[in-house]
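Survey of secondary and tertiary structure
Listed below, chain by chain, are the residues.
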2 protein chains.
Amino acid sequence: MVNYLGVNSVRQLVQQVGLAAFLQQLVDAMEHDYRRWESFEKSARHAIHSPGGVIELMPTSDGELYCFKYVNGHPKNTAEGLLTVTAFGVLADVDTGYPLLVSELTLTTALRTAAMSVLVARHMARKEGPGSHTMALIGNGAQSEFQALAFYHLLGVRELRLFDTDPAATTKLARNLQHLSLPGLHVVPCTSTAEAVRGSGIVTTVTADKRNATILTPDMIEPGMHLNAVGGDCPGKTELHPDILRRPGAPAAPDGRGARVVVEFEPQSRIEGEIQQMPADFAVTEFTQVLRGHAPGRASDHEVTVFDSVGFALEDFSALRTLHALLHTHPHLATPIDLIPQMDNPKDLFGVLQGVPAPAHPTGTATRLRSTPALQEAPTP
Amino acid sequence: MVNYLGVNSVRQLVQQVGLAAFLQQLVDAMEHDYRRWESFEKSARHAIHSPGGVIELMPTSDGELYCFKYVNGHPKNTAEGLLTVTAFGVLADVDTGYPLLVSELTLTTALRTAAMSVLVARHMARKEGPGSHTMALIGNGAQSEFQALAFYHLLGVRELRLFDTDPAATTKLARNLQHLSLPGLHVVPCTSTAEAVRGSGIVTTVTADKRNATILTPDMIEPGMHLNAVGGDCPGKTELHPDILRRPGAPAAPDGRGARVVVEFEPQSRIEGEIQQMPADFAVTEFTQVLRGHAPGRASDHEVTVFDSVGFALEDFSALRTLHALLHTHPHLATPIDLIPQMDNPKDLFGVLQGVPAPAHPTGTATRLRSTPALQEAPTP
């Protein structure tokens, strides 16, 4: 049987593990996987665009495990009471091609995206100095709490400066953070992006508008800032004014680039990232190079650094194998489903159609028996 | 909620609809969709190869519905008691990007592949004359019963000549067909491919060996034969001797080609089909052209025709929308699963992680309530 993890199960898993601990496990898994970059079969995601949004498939494999994520991006959805981004994914065994786990990835993507932002910021943002524990959070929608909490728990951010064009979103974010009563956290709702950004050592943009927006303009940028640009993640969807990437007047990086821009997987980021606004020869650094010490994440305290985040399949691989591993200690949260036939004679697929149904729980526990009657229905006469 | 159709549910659905009727619905859906070829976003499937096999993703969309199929091909699996090919897929709403249906596609792929073979044969195989109601079935594994029954029920085949290098597979196929006691069907187990092919108007090859095999050689081919080459479907996996495609001595087709070869989607078939053995300029015809009368399926009773079947995403699209439509009349077979969060405020994804779980059965029936307790678990304290 294939294990299924729905929204309610992942929610319970995170609650039982603890949010900070769960985020840290994601950071550790992604760091481990980004360090073995060459082990992965990498490709730009497959996208089908429509007037309302985009539907993407993000596959990857390390030769032992395979995974893909299905993810949509429909900014108009919120007006209809639906999520802009929903996702689910599958982890499979490369040796047999059999799926192992089907999981929701909407909550999980929000968690892994925030964890990835922290992992990168650890290598690029200033550790000390003015504003190093202050983060501006521009865009206070579905992703914002996850960014806020990941930076609070894992990077020591203690002041969050919030702005969203929709004041209700900011109110929602502030309320959710207040309810958590996090020691030492100072939450400052702001009336403009400029006000939120001023004095912040880290600026995180998580807006959802599907257009070439200019959430941040050069006049807002201060020396030493680390920009965690998360919202611009598909063709025609950016958040940074291109001059920020060129950074006029800023000290050039050693190789003479206008900006130090770190990406996940360059071929995909050229299509989907902030750098889609730049010429094809605009120099960028892949994060794995920074992580492995082959390139600096930051050259000086004055340098402005940019993580041009779009989300790469490897991060979902790390997340799915983390969920899969956690099922060893939380087996009761998984529901076995009959996604794949089980049979005595693999050449007799027709026998499955005709005859006795496959045993639905070969390793079934009482929990599993209770959990999936409908998936174990007796054959119709 | 997203509907889930597992192996047991699809089995019951086919049993309740009736195999012949179900196959006909698949043929009708595929004919409808192949006629509107230009409506679909088409791409060669995404494949990740490993020593043991291949894992593929096959996405497509008509602008209203989106689907993808996950399918593996691991010939070595049978030795381990596992299926060579397993599959599952998802149907989604393009407008919102939300998934509608998650379904097993192992049984369904076998059914749609056989239905596609029949749809094509209707336009390429001779209707009358010697052997027109006789089919050789080379390779008697998991796909063979489905091909046999589709051609019996929908194309009037009344003699099946069986051969497999594994006699146990032939015995299994013959036994399964016998148990169905199909009026007028004559089943002839043979001791060689040549014996099985001799006098057959239709030759179906469904072998699983992952290599460039030569199941059929030119000396076996008789004028007027239609070759339904199903087994050769990925790089390095073919079944026909290339001279069969060149067809030395046979009357050339009007455009001077050596053979009349029909494919599903040319760019994919060049990579995966029998024609991977031929030069890039080897002329082929896409089935949609034949279906719409833009090209002949057969020029004469003497011509040898070849359907170089590899399986295209459009066929899974047709199958998934057929399954989805059948749930209107068989709702009790679907299990709602919480693959996607349901929430009042789409900007408050964090609220899902924190708070009350989403209602697991907004349109839930008693059946559904019974069917998914584990997917509706109360939050942990």
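Residues numbered from 1 in each chain as written. Chains lettered and ligands numbered in written order. Predicted model: local features only at pLDDT ≥ 70, side-chain atom pairs only at ≥ 80, totals over all residues. Heavy atoms only, no water.

Let us look at the overall build of chain A. Looking only at helices and strands, chain A features 12 helices and 17 strands. Burial status across chain A gives 62% buried among its 381 residues. Looking at chain A alone, contacts between residues at least 24 apart form 71% of all its contacts between residues at least 6 apart. Carbon and sulfur atoms form 56% of the exposed surface of chain A, whose accessible area is close to 12,800 Å². (Helix = DSSP H or I, 4+ residues; strand = E, 2+ residues; numbered from the N terminus. Buried < 20%, exposed > 50% of the residue type's maximum accessible area, 1.4 Å probe, protein only. Contact = heavy atoms within 4.5 Å. Areas by Shrake-Rupley, 256 points an atom, 1.4 Å probe, with all protein chains shown as cover.)

Okay, the pattern of salt bridges next. All told, the structure shown has 36 salt bridges over all chains when counted by the stated rule. Its salt-bridge partner being R36 of chain B, residue D62 of chain B comes within 3.1 Å of it at the nearest N-O pair. Of the two residues, D62 of chain B is situated in the loop between β3 (53-61) and β4 (65-73) and R36 of chain B in the loop between α2 (19-35) and β2 (46-50); the sequence distance between them amounts to 26 residues. Take D62 of chain B: its relative accessible area is 17%, and that puts it in the buried class. Among the ionic pairs, E159 of chain B bridges to R161 of chain B, the shortest N-O distance being 3.0 Å. What makes R161 of chain B buried here is its relative accessible area of 14%. One network of salt bridges, in which partners are shared, links D33, R36, D62 and R321 of chain A. (Salt bridge = Lys/Arg side-chain N within 4 Å of Asp/Glu carboxyl O.)

With that out of the way, let us pick up the pairing of β3 of chain B. Residues and elements named next belong to chain B. Counting buried positions along β3 yields 9 of 9 residues, so the element is predominantly enclosed. Burial along β3 is two-sided: the face carrying G53, I55, L57, P59 and S61 and the face carrying V54, E56, M58 and T60 are both buried. Sheet topology places β2 next to β3; 5 bridges connect them, and they run antiparallel. Bridge pairing in β3 links I48 to I55. Counting the residues in the hairpin turn of β2 and β3 gives 2 residues. Inspection of the sheet shows β3 paired to β4 by 8 bridges, in the antiparallel sense. Each bridged residue has a counterpart across the sheet, and for V54 the counterpart in β4 is G73. (Pairing = 2+ DSSP bridges.)

A word on the sheet that holds strand β10 (residues 202-205) of chain A. All names here are of chain A. Sheet architecture is open: 8 strands sit in the order β9-β8-β7-β10-β12-β16-β14-β15, paired in parallel fashion. Either end of the sheet is taken by a strand with one partner, and the two such strands are β9 (186-189) and β15 (285-286). Bridging between strand β8 (residues 159-163) and β9 involves 4 bridges; their strand directions are parallel. Note that in β9 the partner of R161 across the bridge is V188. Where helix α3 (residues 106-124) meets the sheet, its contacts fall on β12 (226-229), β14 (260-263) and β16 (305-308), and the angle it forms with β16 comes to roughly 155°. The sheet contacts of helix α5 (residues 167-179) involve β7 (134-138), β8 and β9, and relative to β8 the element is tilted by about 155°. (Axes fitted to C-alpha atoms, helices over the stretch in contact; angles between N-to-C directions.)

Turning our attention to the relation of the copies chain A and chain B. Note on the identical chains: chain A maps onto chain B by a rotation of 180° and an axial translation of 0.0 Å, with an RMSD of 0.0 Å. Here the two chains are linked by the operation of a two-fold rotation axis. An overlap of 98% is found between the interface residues of chain A and their copies at the interface of chain B, pointing to a shared contact surface. (Least-squares fit on C-alpha atoms with pLDDT ≥ 70 in both.)

Before going further, it helps to examine the interface of chain A and chain B. The partner chain B presents 92 residues to the 94 residues of chain A that form the contact. For the chain A and chain B pair, buried surface summed over both sides reaches about 8,000 Å², with 64% attributable to carbon and sulfur atoms. It is K347, F350 and L353 of chain A that lose the most area in chain A upon contact with chain B, and together they represent 10% of the buried surface on that side. Notably, a salt bridge pairs K76 of chain B with D95 of chain A, separated by 3.6 Å at the nearest N-O pair. Connecting chain A to chain B are 36 residue pairs in polar contact (both at pLDDT 80 or more). If you tally residues by element for the side of chain A that touches chain B, the top one is helix α1 (residues 7-17) of chain A, at 8 residues. Among the residues forming the side of chain A that touches chain B, the class breakdown is 47 nonpolar, 31 polar and 16 charged. (Buried area = accessible area lost by both parts, 1.4 Å probe. Polar contact = N/O pair within 3.5 Å; in protein donor to acceptor, adjacent residues only side chain to side chain. Nonpolar A, V, L, I, M, F, W, Y, C, P; charged D, E, K, R; others polar.)

The next thing to look at is the sheet that holds strand β2 (residues 46-50) of chain A. Residue and element names in this part refer to chain A. Spatially, 7 strands are ordered β2-β3-β4-β5-β6-β1-β17 in an open sheet, and the strand pairing comes out mixed. The open sheet terminates on both sides in strands that have one partner only, identified here as β2 and β17 (335-337). Neighbouring strand axes in the sheet, compared pairwise and without regard to direction, differ in orientation by 15° on average.

Moving on, we get to unusual backbone geometry. Positive phi outside glycine occurs at S181 of chain A, with the angle close to 35°. Along the polypeptide, S181 of chain A turns up in the loop between α5 and β9.

Its place among the elements puts P51 of chain B in the loop between β2 and β3. Accessibility expressed as a relative area gives 89% for P51 of chain B, which makes it exposed.

Turning our attention to the environment of D93 of chain A. All names here are of chain A. Locating D93 in the fold gives a position in strand β5 (residues 87-93). Under the relative-accessibility criterion, D93 is labelled partly exposed at 22%. Counting along the chain gives 214 residues from D93 to F307, while the straight-line C-alpha distance between them is 32 Å. From its side chain, D93 meets the backbone nitrogen of D95 in a polar contact 3.3 Å long.

All names here are of chain B. At a closest axis distance of 6 Å, the pairing of helix α1 (residues 7-17) and α2 adopts a crossing angle of 100°. One element, α1, and the other, α2, form an angle in the roughly perpendicular class. Residues L13, V14 and V17 of α1 form the contact with α2, whose participating residues are L19, A21, F22 and Q25. Taken together, the residues of the contact of α1 with α2 sort by class into 6 nonpolar, 1 polar and no charged. (Parallel < 35°, antiparallel > 145°, perpendicular 65-115°, else oblique.)

Let us now look at the environment of I48 of chain A. In this structure, I48 of chain A sits in strand β2. Separated by 24 residues in the primary sequence, I48 of chain A and N72 of chain A place their C-alpha atoms 9.5 Å from one another. Among residues more than four places away in sequence, those in contact with I48 of chain A are G53, V54 and I55 of chain A together with E41, T60, S61 and Y66 of chain B.

To continue, consider the packing of helix α3 (residues 106-124) of chain B against helix α10 (residues 313-326) of chain B. Residue and element names in this part refer to chain B. Relative orientation of the contacting elements α3 and α10 amounts to 115°, with a least axis distance of 10 Å. Between α3 and α10 the crossing geometry is right-handed. Contacts between α3 and α10 involve T108, T109, R112 and M116 from the first element and E315, D316, A319 and L323 from the second. For the contact of α3 with α10, the residue count by class is 3 nonpolar, 2 polar and 3 charged. (Left-handed = near helix turned anticlockwise from the far one by under 90°.)

With 19 residues, α3 of chain A ought to run about 27 Å at 1.5 Å a step, and its terminal C-alpha atoms sit 27 Å apart, in line with that. Of all 19 residues in α3 of chain A, 17 are buried; the element is thus mostly enclosed. (Expected span 1.5 Å × (residues − 1).)

Let's shift gears to helix α10 (residues 313-326) of chain A. All names here are of chain A. Spanning 14 residues, α10 covers 20 Å between terminal C-alpha atoms, matching the ideal 20 Å at 1.5 Å per step. The buried fraction of α10 amounts to 11 of the 14 residues, a majority that puts the element mostly inside the structure. All of the buried residues in α10 are A313, L314, E315, D316, F317, S318, A319, L320, T322, L323 and L326.

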